[in-house]
Structures are given as structure tokens and as C-alpha cells.
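Each chain is listed here by its residues.
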Amino acid sequence: MNICIFASGTGSNFQAILNAKSKREIQSRICLLITNNSKCGAVEIAKNYSVDVVHISRKLYPDLDPVQYSNLFISALKKYEIDLIVLAGYMKKIGKEVVQEYYNRIINIHPALLPSFGGENMFGLNVHRAVIESGVKVSGLTIHFVNQDYDQGKIIFQKCVEVSDDDDAFSLQKKILIYEHESYPEVIKRIENGLIKIGEKQ
Ligand code: GRF
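This text gives an overview of the structure that appears in the document. Not measured: the values here are computed from a predicted model.

Rules and cut-offs
- Residue numbering note: each chain is counted from 1, following its sequence as written.
- Selection of residues for local features in this predicted model requires a pLDDT of at least 70, selection of side-chain atom pairs for listing and counting requires 80 or more, and totals for whole chains, interfaces and linings are taken over all residues.
- Hydrogens are left out, water is left out, and the side-chain values use all remaining heavy atoms of the structure.
- Stacked, tilted and edge-to-face are the three classes applied to pairs of Phe, Tyr and Trp rings, where Trp contributes its six-membered ring and a pair requires centres within 6.5 Å; stacked means planes under 30 degrees apart, edge-to-face means over 60, and tilted covers the rest.
- Secondary structure is summarised from DSSP: a helix means a run of H or I of at least four residues, a strand means a run of E of at least two, and numbering begins at the N terminus for each.
- Categorising residues by exposure relies on relative accessible area from a 1.4 Å probe, with only protein chains included: less than 20% of the type maximum marks a residue as buried, more than 50% marks it as exposed, and the intermediate range marks it as partly exposed.
- Here the expected length of a helix is defined as 1.5 Å per residue gap, with one fewer gap than residues.
- It only takes one pair of heavy atoms within 4.5 Å for two residues to be counted as in contact.
- When DSSP locates at least two bridges between a pair of strands, those strands are taken to pair.
- Between N-to-C directions, angles span 0 to 180 degrees; the directions come from axes that are lines fitted to C-alpha atoms, helices contributing only their stretch in contact.
- Nearness here has a simple test: a residue counts as near a molecule or strand if at least one of its heavy atoms is within 4 Å of that partner.
- N or O atoms closer than or at 3.5 Å make up a polar contact, with two conditions inside protein: a donor-capable atom paired with an acceptor-capable one, and, for residues adjacent in sequence, both atoms drawn from side chains.
- Any residue with an atom within 4 Å of a point lines the site, the site being either a cavity, points on a 1 Å grid over the protein atoms alone where a 1.4 Å probe fits but cannot get out, or a pocket, an open set with protein on both sides within 12 Å along at least 5 of 7 lines.
- Assignment of a molecule to a cavity or pocket requires that more than half of its atoms lie within 2 Å of the corresponding grid points.
- Polar here means any residue outside two lists: the nonpolar Ala, Val, Leu, Ile, Met, Phe, Trp, Tyr, Cys and Pro, and the charged Asp, Glu, Lys and Arg; Gly therefore counts as polar.
- Grid points are joined across faces, edges and corners, and a volume is the space filled by probe spheres set on the points.
- Think of a salt bridge as a Lys or Arg side-chain nitrogen and an Asp or Glu carboxyl oxygen that are within 4 Å of each other.

### A few points about the packing of aromatic side chains
Here is step 1: Inspection of the entire model under this criterion finds three aromatic pairs.
Here is step 2: Plain terms: the ring middles of Phe6 and Phe73 are 5.9 Å apart, the flat faces sit at 25° to each other, and that makes the pair stacked. Here the residue Phe6 occupies a position in strand 1 (residues 2–6), and Phe73 occupies one in helix 3 (residues 66–79), the gap between them amounting to 67 residues. Each member of the pair Phe6 and Phe73 is classed as buried.
Here is step 3: Site record: aromatic cluster; members linked through ring pairs are Phe6, Tyr69, Phe73 and Tyr90.

Below, the structure is given as C-alpha cells:
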């Protein structure tokens, strides 16, 4: 498969996917990074691995209507003949035209057990703070297809991580991130092997 990563931040999941590729644990080509933040860590990682970067941000294209803006993404994705889009800390909502064009071909990783602790403002430490405040003893990660509603697409993989009494949001984030780094390449491998089907109607 040809994979495009979407990222806005540090890019540690992107790095984990590249590591898995280096170790031949996954076979796909990591062809492209699309980012809204040209100064983020993920861009540096892309440069180190000679992965092409396309920077698309509303600030660059303030006059485009939503359809024209979505078409920027679709053109880049078509140019690289992308089969699978992997969101790895991408902080912007994906346009509905992109979701339609790549139906069940966009996956996201969320650092909690959906459908709990998801939704519009549930990102980064907000998620882990909410988990700690709720008092639950188990959190984890979820990998799911992306649809038009935040964190509500079909779940394809979950892993549980224990919340210890002495955990705070920071320690929990750190703990879960380690599992994210092994889980995302594992899911890509399952897609490559046909164990998880992409592109099908739900
Ligand atoms: C991860 O916690 C992921 O679950 C969430 O965003 C974070 C991205 O981290 N979607 P990184 O940029 O991959 O380090």
C-alpha cells in the first residue's frame, strides 16, 4: 500500500511507523506527510527519512471554500496514489469530501478507550486528565476508521492499559504512548494482510 501520514505535532507515532518499516515489520511505502504545521516535529522526521511533505493549512489558503480546500488534500493524495491515510496526532478535522473519497481508508489513533473520553476537545492531556478525574482503573488506546464525527468511526483495535493509583495525566500519557507505538504498526500490518478490510462500506 501507499500510505500518507497526517500529523501536526511531535510525530512519535509517525516515527514508530517508520521504525516498523525499517525493520520490515510492515511492507507499505510511507510516501507522504501532510501537515498543517510546517514547524512540527513530524516534518523534521519526514526530512530525515526523505518522505515528501505537503503543507496545507487554512492560513495559506484563506479564500478557498470548504470544497476547494478539501480538493487540495485530494489532489495531493491522488498524485501519490495513496491507499491508506494514517492520522498520527493530526489536530484538524478532515473535510467531508476527503472522508467520502477515502471512505474507510482513513485511520486514527486515540489515547483512550472509545467511545469513552472522545469528542471534539478530547485530545492530548485533556483526555488523560478526564480519565484520571473519572477514577476509572483502566484506560488504553483505540484505533478506528475516521468518519464525519469526532472519534466515532468504526473501532478496529483497542488495547487496555492499567491506571495506577499514583498515575497523573502525564504519566498515563507516557504509559499509553508506548503501547500506541507498537499498536499502530500492528494495525497497518493487519490491513496489509487483509485481516482488517479497508475501503468497505460499514
Ligand atoms: C497521540 O497520543 C495520539 O493518540 C493522538 O495524538 C498523539 C500524537 O502523538 N491522536 P505523536 O505526535 O505521535 O507523538
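### Observations concerning unusual backbone geometry
Here is step 1: With omega at 10°, the peptide bond leading from Leu114 into Pro115 counts as cis.
Here is step 2: Mapped onto the fold, Pro115 is located in the loop between strand 5 (106–110) and helix 5 (125–134).
Here is step 3: The phi dihedral of Ser50 is positive, around 55°, even though this residue is not glycine.
Here is step 4: On the basis of relative accessibility, which here comes to 67%, the residue Ser50 falls in the exposed class.
Here is step 5: Positive phi is not limited to glycine here, since Asp151 has a value of about 60°.

### Overview of helix 3
Here is step 1: Across its 14 residues, helix 3 extends 20 Å between first and last C-alpha, which sits within 8% of the 20 Å expected from 1.5 Å per residue.
Here is step 2: Lining the buried residues of helix 3 we find strand 1, strand 2 (29–35), strand 3 (52–55), strand 4 (84–87) and helix 4 (96–101).
Here is step 3: Downstream of helix 3 by one or two residues, Glu81 has phi in the positive range, about 50°.

### With respect to the sheet that holds strand 4
Here is step 1: The seven strands are arranged 3-2-1-4-5-6-7 in an open sheet whose pairing can be described as mixed. A single partner strand is all that each edge strand has here, and the edge strands are strand 3 and strand 7 (155–162). Direction aside, neighbouring strands of the sheet carry axes that sit 20° apart on average.
Here is step 2: Relative to strand 7, strand 6 (residues 138–145) is paired through seven bridges, and the arrangement is antiparallel. In the sheet register, Gly140 faces strand 7, and the bridge partner there is Cys160.
Here is step 3: Its contacts with the sheet put helix 1 (residues 12–22) on strand 1, strand 2, strand 4 and strand 5, and the angle it makes with strand 2 is roughly 170°.
Here is step 4: The strands touched by helix 2 (residues 41–48) within the sheet are strand 2 and strand 3, with strand 2 carrying the most contacts at an inclination of about 150°.

### Regarding the site of the ligand
Here is step 1: In the vicinity of the ligand, the contacting residues are Thr10, Gly11, Ser12, Asn13, Gly89, Ile109, His110, Pro111, Leu177 and Glu180.
Here is step 2: Between the ligand and the protein, one listed contact pairs a nitrogen atom with a backbone N or O atom of Ile109 at 2.8 Å.
Here is step 3: A molecule is said to occupy a pocket when more than half its atoms come within 2 Å of that pocket's grid points, and by this definition the ligand occupies the largest pocket.
Here is step 4: The residue inventory of the shell around the ligand, partitioned by class, reads three nonpolar, six polar and one charged.

### Remarks on the layout of surface pockets
Over the atoms, a rolling probe the size of a water molecule traces out where space has been left empty.
Here is step 1: Of the voids in this model, the largest pocket is the one considered here, and its volume is about 880 Å³.
Here is step 2: Residue lining of the largest pocket: 36 residues in total, with Gly89, Tyr90, Met91, Phe123 and Gly124 positioned closest to the centre.
Here is step 3: Of the residues that constitute the lining of the largest pocket, the class distribution is 13 nonpolar, 17 polar and six charged.
Here is step 4: In this model, the second largest pocket occupies a volume close to 370 Å³.
Here is step 5: Surrounding the second largest pocket, 16 residues form its lining, Ser57, Arg58, Tyr69, Tyr90 and Lys92 being those nearest its centre.
Here is step 6: Looking at the lining of the second largest pocket, the elements that each hand over two or more residues are helix 3 and helix 4.

### Here we look at the pattern of salt bridges
Pairing between side chains becomes possible if they bear opposite charge and their charged atoms approach one another.
Here is step 1: Per the stated rule, a full pass over the model turns up eight salt bridges.
Here is step 2: Glu97 is the salt-bridge partner of Lys96, the closest N and O atoms lying 4.0 Å from each other.
Here is step 3: Accessibility expressed as a relative area gives 45% for Lys96, which makes it partly exposed.
Here is step 4: For the salt bridge of Arg190 with Glu186, the shortest nitrogen-to-oxygen distance reads 3.0 Å. Here Arg190 and its partner Glu186 are both found in helix 6 (residues 169–192), four residues apart, which amounts to about one turn of the helix.
Here is step 5: One connected set of salt bridges, linked through shared partners, spans Glu186, Lys189 and Arg190.

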